[in-house]
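Commentary on secondary and tertiary structure
If you want the building blocks of each chain, they are given just below.
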Amino acid sequence: MNNHDQPKAVIVIFGATGDLAKRKLFPSIYKLFQNGRIGHDFAVVGVARRPWTNDIFREKVCESIANAGAPEEVCDAFTSHFYYQPFDVQDESSYQALDGLLHELEGRYETGGNRMFYLAMAPEFFGPVANNLEAHGLKDTDGWTRLVIEKPFGHDLSSAIALNEDIRSAFAEDEIYRIDHYLGKEMVQNIEVIRFANGIFEHLWNNRFISNIQVTSSETVGVEDRARYYDTAGANRDMVQNHMLQMVALLAMEPPIKLTTDEIRSEKVKVLRALRPIDAEAVGDYFVRGQYGPGEVDDAMVPGYAEELGQASDTETYVAAKLMIDNYRWAGVPFYIRTGKRMKAKVTKIVVEFKDIPMNLYYADGNAQHPNLLVITIHPNEGVTLHLNAKKPGTKPEAKPIQLAYTHDAENAINTPEAYEKLLYDCMLGDMTNFTHWDEVALSWAFIDSVSAAWHENGAEFPNYPAGSMGPEAANQLLEADGFHWWHVTGKEEK
Ligand code: BG6
């Protein structure tokens, strides 16, 4: 199937009354419809516990796409493709009724029996729903059947293995699309293009020329209404195990021999396999955890995590880490990552710091040497900036740092739905490249489990960073111990 084809399918969204469906999925399906990626041969069935009707459901979908900028007049035509069925995941008759509805819609929209089951629901239902779908014949169609699942995919390696075995008894690995929405982001996808389409970078992309790589994903929001889930997860499971390690894998992988799903995944897996395991005793040398106390974010005072939660907690809302990839290309090059809630700014950025030239002939401001940096900005702008040194105008042989920049705005509101839009479309086309393979999930859990275990053993001294800062002081020391420092990513002083 080539990219100009309009895939046909019925998309069944479990958890259709929830936040993810409203904020991400409906607007993404709308965009696919609006830009002609999908034609008229599609239907969406929302299932959830609430006793909604088609009309109520369509109204909610209208509201959701209006918030994403859809004009009022398109609403009826678009939402006429949407159907709702009240559903009890434990109840056999719910599955039978759903199968009946799907057959009817497959006749009406000529979707060839292609069914996407999107599980936007609590993870304890992933296994039971997958097995019930199979047991009640919902996979017996003339077309493809695919299961899309959101994170968290387990809580640690052993729960992830159990969950995977459960799902795999009903769906094959090549029918399972594990979402990591960072892989749908424009600039995350651009990492491979920047690397593999530019000789000036790829030739230097190794431990001879790069001193360190820094990946930041900071957020200003707190845990909001997700405290119940978040307090059992923490930043390490919520962000590092998936999004942060995926970005590191894309930055560190070898060029694939072809741009196929298997080749790309296999290179990413090799990076995860080469991650230096962290022993319990060494956790403090590689990982820093933090939790925010009260502070000021965007000119407003906000409470600390414990106050928001209503009790003291050892859950980390911030992680900084030094990852070492023990292979030929990266031996000795630290990959520093940091992510946290209630930080100074919402920024997702990668800074690649190149080694200094052997001798500095041209002194720049204050005699400082300015290393070359390649900065890939994922949010709030999308772009690439190369930091170079050039002659300072005048008569003296002095250099000054200059920047070559390419950026375009990606407003908060459109950035993530766009990622979901791409991922939904890829799933309909059967392209699994930007979904996480089980091997990647397992290796990522294995890597962070030892850190979680060590942290669990030793209580934390929280809070240790004020809301509105860039994290605990220990995160600065992590780099200083190696002779580096975090590059500013917020555009303002970061302490
Ligand atoms: C999610 C995490 O996976 O990613 C959230 O569960 C986090 O806690 C979110 O806020 C961040 O995504 P983005 O696209 O806003 O950087």
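Report on the accompanying structure. Keep in mind it's a predicted model, so treat the numbers as computed, not measured.

Broken down by element type, the protein chain carries 16 helices and 18 strands. Compactness check: the protein chain gives a C-alpha radius of gyration of 24 Å against a globular reference of 23 Å for 495 residues, within 12% of the reference. Dimensions of the protein chain, computed from the C-alpha atoms along their principal axes, are close to 80 × 50 × 45 Å. Across the 495 residues of the protein chain, 57% fall into the buried class. Considering only contacts in the protein chain between residues 6 or more positions apart, those separated by 24 or more positions represent 77%. Roughly 21800 Å² of accessible area belongs to the protein chain as shown, and the carbon and sulfur atoms make up 50% of that amount. In the protein chain, which carries 46 positive and 72 negative side-chain charges, the distance between the mean positions of the two groups comes to 5 Å.

Throughout the structure, instances matching the rule amount to 26 aromatic pairs. Centre to centre, the rings of Phe-153 and Trp-438 are 6.0 Å apart; their planes meet at 55°, and the pair counts as tilted. Residue Phe-153 is found in the loop between strand 5 (145-149) and helix 6 (157-168), and its partner Trp-438 is found in helix 15 (residues 438-457); the two are separated by 285 residues along the sequence. The exposure class assigned to Phe-153 is buried, which follows from its relative accessible area of 8%. Relative accessible area serves as the criterion here: at 14%, Trp-438 is assigned to the buried category. Each ring, one from Tyr-292 and one from Tyr-465, has its centre 6.2 Å from the other, and the planes form 70°; the classification is edge-to-face.

With that out of the way, let us pick up the pattern of salt bridges. Tallied over the full model, the rule gives 21 salt bridges. With a closest N to O distance of 2.9 Å, Glu-173 and Arg-178 form a salt bridge. Take Arg-178: its relative accessible area is 3%, and that puts it in the buried class. Across the pair Asp-326 and Arg-276 runs a salt bridge whose closest N-O atoms are separated by 2.9 Å. Within this pair, whereas Asp-326 is found in the loop between strand 12 (318-324) and strand 13 (334-340), its partner Arg-276 is found in the loop between helix 11 (261-274) and helix 12 (283-286), the two being separated by 50 residues in sequence. Residue class for Arg-276 comes out partly exposed when judged on its relative accessible area of 27%.

Bringing the side chain of Ser-218 into the picture now. The topology assignment puts Ser-218 in strand 7 (residues 210-218). Look at Ser-218 and you get buried, because its relative accessible area is 0%. Looking at Ser-218, its side chain comes within polar contact range of the main-chain oxygen of Ala-345, at 2.7 Å. Setting aside chain neighbours within four positions, we find Ser-218 in contact with Gly-340, Met-343, Ala-345, Lys-346, Val-347 and Met-470.

This part covers the layout of surface pockets. In this structure, the second largest pocket encloses a volume near 650 Å³. Surrounding the second largest pocket, 22 residues form its lining, Gln-189, Lys-422, Asp-426, Asp-431 and Asn-434 being those nearest its centre. Where the lining of the second largest pocket is concerned, the elements lending two or more residues are helix 7 (186-196) and helix 14 (412-429). Looking at which element gives the most residues to the lining of the second largest pocket, the answer is helix 14, with six residues. Looking at the lining of the second largest pocket, its residues break down into eight nonpolar, six polar and eight charged.

Right, let's get into the environment of Arg-178. Structurally, Arg-178 can be placed in strand 6 (residues 176-178). C-alpha of Arg-178 to C-alpha of Gly-284: the two residues are 106 residues apart in sequence and 31 Å apart in space. Setting aside chain neighbours within four positions, we find Arg-178 in contact with Ile-149, Phe-153, Asn-164, Glu-173, Phe-435, Thr-436, His-437, Trp-438 and Val-441. For Arg-178, the side chain forms a polar contact with the side chain of Glu-173, separated by 2.9 Å.

Scoring rules and cut-offs
Residues numbered from 1 in each chain as written. Predicted model: local features only at pLDDT ≥ 70, side-chain atom pairs only at ≥ 80, totals over all residues. Heavy atoms only, no water. Helix = DSSP H or I, 4+ residues; strand = E, 2+ residues; numbered from the N terminus. Rg over C-alpha atoms; globule rule 2.2 N^0.38 Å. Buried < 20%, exposed > 50% of the residue type's maximum accessible area, 1.4 Å probe, protein only. Contact = heavy atoms within 4.5 Å. Areas by Shrake-Rupley, 256 points an atom, 1.4 Å probe, with all protein chains shown as cover. Lys, Arg positive; Asp, Glu negative; His and termini not counted. Charge placed at Lys NZ, Arg CZ, Asp CG, Glu CD. Phe/Tyr/Trp six-rings, centres within 6.5 Å; stacked < 30°, edge-to-face > 60°. Salt bridge = Lys/Arg side-chain N within 4 Å of Asp/Glu carboxyl O. Polar contact = N/O pair within 3.5 Å; in protein donor to acceptor, adjacent residues only side chain to side chain. 1 Å grid on protein atoms, 1.4 Å probe; cavity = no way out; pocket = protein on both sides within 12 Å on 5 of 7 lines; lining within 4 Å. Points joined across faces, edges and corners; volume = space filled by probe spheres on them. Nonpolar A, V, L, I, M, F, W, Y, C, P; charged D, E, K, R; others polar.

Note that all results are geometric; they support no functional claim without further evidence.
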